[in-house]
Amino acid sequence: MNIKHFLTMAAGASALMAIVLAAPASAADDKLEELKGQGFARVAIANEPPFTAVAADGKVSGAAPDVAREIFKRLGVEDIVASISEYGAMIPGLQAGRHDVITAGLFMKPERCAAVAYSQPILCDAEAFALKKGNPLGLTSYKDIADNPDARIGAPGGGTEEKLALEAGVPRDRVIVVPDGQSGLKMLQDGRIDVYSLPVLSINDLVSKANDPNIEVVAPVEGAPVYCDGAAFRKGDEALRDAFDVELAKMKESGDFAKIIEPYGFSAAAAMSTDREKLCAAQ
Ligand code: 6CS
């Protein structure tokens, strides 16, 4: 090869290298760039205080969106825009591109971990029952509901409590899908269900605001695990999830994480005592 030919080849190779190096980051990194350009991240929520809440004026709060809003701000994404979804529709909505992330207290469980890319843990809670004062049917576990042919349980569609009831042996026709907390409370007060089940902090928030002396809380539900959620990203958006996790870890370390979630009643220590690997393998 003569020197002229060699120099031509070398120039071509360095030009190619310059193009490769200047190429935009991977597609996954582009997702963060896309959100920065969009100016907001589209988050799925449920409107179940204190995990998630939408005020009458549309203001979104709750521990999960508040953590996400702060992390996205630190990543250069100015705000979040929330849409309310039933728990069972959140993952399909994420996969269909209707949401950029689920920030709703969607508890980590193996089947969900297989479908999304979870962040590290954020909000942990046990399960609870709201039922008639005096607990006339003596319900303290999902198995108690299964064992009593008259007991009807209300729970969110596609949610953890519905699954726990079915797995405990409650027949489908005694597991009533309830769209939201207010409906669940009303159905309990009207005697259309005998127990309404949500995580402890959600049930306590609902019952304390109802201020109804005929309703009481059983918490925790015997035999039910403590669950933790994470922000749930689409499979393929792992680079965005990892960037989210870097900021989440900094906030856990600095105490900023606790400052956001603990006023809502959540424990930062509980979330920091476990990790995604353990939670996705558990149960
Ligand atoms: O992850 C879930 O399925 C459950 N999480 C919350 C915050 N409320 C109810 C729901 O079933």
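It should be emphasised that the depicted structure is a prediction, and the values quoted were computed from it without experimental measurement.

Cut-offs and rules
Residues numbered from 1 in each chain as written. Predicted model: local features only at pLDDT ≥ 70, side-chain atom pairs only at ≥ 80, totals over all residues. Heavy atoms only, no water. Near = heavy atom within 4 Å. Polar contact = N/O pair within 3.5 Å; in protein donor to acceptor, adjacent residues only side chain to side chain. Nonpolar A, V, L, I, M, F, W, Y, C, P; charged D, E, K, R; others polar. Salt bridge = Lys/Arg side-chain N within 4 Å of Asp/Glu carboxyl O. Helix = DSSP H or I, 4+ residues; strand = E, 2+ residues; numbered from the N terminus. Buried < 20%, exposed > 50% of the residue type's maximum accessible area, 1.4 Å probe, protein only. Disulfide = S-S within 2.5 Å.

Student: I'm lost on the site of the ligand in this one. Help?
Tutor: In the neighbourhood of the ligand, 13 residues make up the surrounding shell, with Glu48, Phe107, Arg112, Thr160 and Glu161 lying closest. At 2.9 Å from a nitrogen atom of the ligand is found a side-chain nitrogen or oxygen belonging to Glu48. Between the ligand and Glu161, the relevant distance is 2.5 Å, taken from an oxygen atom to a side-chain nitrogen or oxygen of the residue. Looking at side-chain class alone, the shell around the ligand contains 7 nonpolar, 3 polar and 3 charged residues.

Student: Is there a simple way to explain the pattern of salt bridges in this structure?
Tutor: Where charged atoms of side chains with opposite charge meet at close range, the side chains can pair. Tallying each qualifying case throughout the model produces 25 salt bridges. Taking the shortest distance from any N to any O, the salt bridge between Glu162 and Arg172 comes out at 2.8 Å. One end of the pair, Glu162, is in helix H7 (residues 160–167); the other, Arg172, is in the loop between H7 and strand E10 (175–177), and 10 residues separate them in sequence. Accessibility expressed as a relative area gives 10% for Glu162, which makes it buried. Judged by its relative accessible area of 43%, Arg172 falls in the partly exposed class. A salt bridge links Asp190 to Lys186; the shortest N-O distance between them is 2.7 Å.

Student: In this structure, what is going on with the environment of Lys73? I would like to understand it.
Tutor: Inspection of the secondary structure assignment puts Lys73 in helix H3 (residues 63–74). In this structure Lys73 comes out as partly exposed when scored by relative accessible area, which is 40%.

Student: Looking at this model, I keep getting lost on the state of the cysteines. Mind explaining?
Tutor: In protein chemistry, a disulfide is the covalent bond that joins the sulfur atoms of two cysteines. Under the counting rule described, the total for this entry stands at 2 disulfides. Residue Cys113 pairs covalently with Cys280 via a disulfide, S to S 2.0 Å. Here the disulfide of Cys113 and Cys280 is left-handed, its torsion about the S-S bond being about -75 degrees. Within this pair, whereas Cys113 is found in helix H5 (residues 110–113), its partner Cys280 is found in helix H13 (residues 276–281), the two being separated by 167 residues in sequence. The burial state of Cys113 is the same as that of Cys280; both residues are buried. Each disulfide in the chain links cysteines that, numbered along the sequence, combine into the pattern 1-4, 2-3.

Student: Would you mind going over unusual backbone geometry with me for this structure?
Tutor: Across residues other than glycine, the phi torsion is negative in most instances, and most of the peptide bonds are trans. That bond from Pro49 to Pro50 is cis: its omega, 0 degrees, falls within 30 degrees of zero. You can see Pro50 is positioned in the loop between strand E1 (40–45) and strand E2 (53–54). For Asn47, which is not glycine, the phi torsion reads 65 degrees and is therefore positive. Summarising the element assignment, Asn47 is placed in the loop between E1 and E2. Owing to a relative accessible area of 31%, Asn47 belongs among the partly exposed residues under this scheme. Positive phi values are uncommon outside glycine, yet Asn211 reaches one of about 55 degrees. Residue position: Asn211 is located in the loop between helix H9 (200–210) and strand E12 (215–218).

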